[in-house]
Amino acid sequence: YHKTVALLNGEKFLKRLSVAALETLAIIAYKQPITKSEIESIRGVNCDYAVQKLLEKDLIIIYNINK
């Protein structure tokens, strides 16, 4: 059913995640809620691009706790 689901969800789901994005997603899933600086501390590298791609694919959301 991959092609049918991909058509329903659009082109953004047709590409696979990079290793960096997959690592970042795993950290977020395991340690949530987590800040970007905490992710970078765990991975040891900047995670701006990986977080941007995860946001574009609607795999993560930014939650503001100050509301």
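Residues numbered from 1 in each chain as written. Predicted model: local features only at pLDDT ≥ 70, side-chain atom pairs only at ≥ 80, totals over all residues. Heavy atoms only, no water.

**Considering the pattern of salt bridges**
Once the charged atoms of two side chains with opposite charge are near each other, the side chains can pair. Inspection of every chain in the model, using the stated rule, returns four salt bridges. Where E40 meets K36, a salt bridge forms, and the shortest distance between an N and an O atom there is 2.7 Å. Placement of both E40 and K36 in helix α3 (residues 36-43) is noted, with a separation of four residues, approximately one turn of the helix. Taking the shortest distance from any N to any O, the salt bridge between D48 and K36 comes out at 2.9 Å. Highlighted residues: D48 in helix α4 (residues 48-56) and K36 in helix α3, separated in sequence by 12 residues. Taking the relative accessible area as the measure of exposure, D48 reaches 38% and is therefore partly exposed. (Salt bridge = Lys/Arg side-chain N within 4 Å of Asp/Glu carboxyl O. Helix = DSSP H or I, 4+ residues; strand = E, 2+ residues; numbered from the N terminus. Buried < 20%, exposed > 50% of the residue type's maximum accessible area, 1.4 Å probe, protein only.)

**With respect to the confidence of the model for the protein**
A residue-level look at the protein finds 88% of positions with pLDDT of 70 or above and a mean pLDDT of 86. Element-level pLDDT for the protein is lowest in helix α1 (residues 2-9), with a mean of 73, against a maximum mean of 95 in α3. (pLDDT = per-residue confidence, 0-100.)

**Focus on the nonpolar core**
Membership of the largest hydrophobic core is limited to nine residues, which are A21, I27, I28, I39, C47, A50, V51, L54 and I60. Listed by contribution, the elements that provide at least two residues to this core are α2 (19-31) and α4. The contact partners of I28, leaving out residues within four places of it in the chain, are I34, I39, L54 and I60. (Core = buried A, V, L, I, M, F, W, Y, C linked by side-chain atoms within 4.5 Å. Contact = heavy atoms within 4.5 Å.)

**Here we look at the environment of K57**
Looking at the element boundaries, K57 is found in the segment after α4. Sequence separation of K57 and L17 is 40 residues, and the distance between their C-alpha atoms is 9.7 Å.

**Regarding unusual backbone geometry**
Omega for the bond connecting Q32 with P33 falls within 30 degrees of zero, at -10°, which places this linkage in the cis form. Assignment of secondary structure puts P33 in the loop between α2 and α3. Its identity as a non-glycine residue notwithstanding, D58 has a phi of 55°, on the positive side. Residue position: D58 is located in the segment after α4. For D58, a relative accessible area of 55% gives the class exposed.

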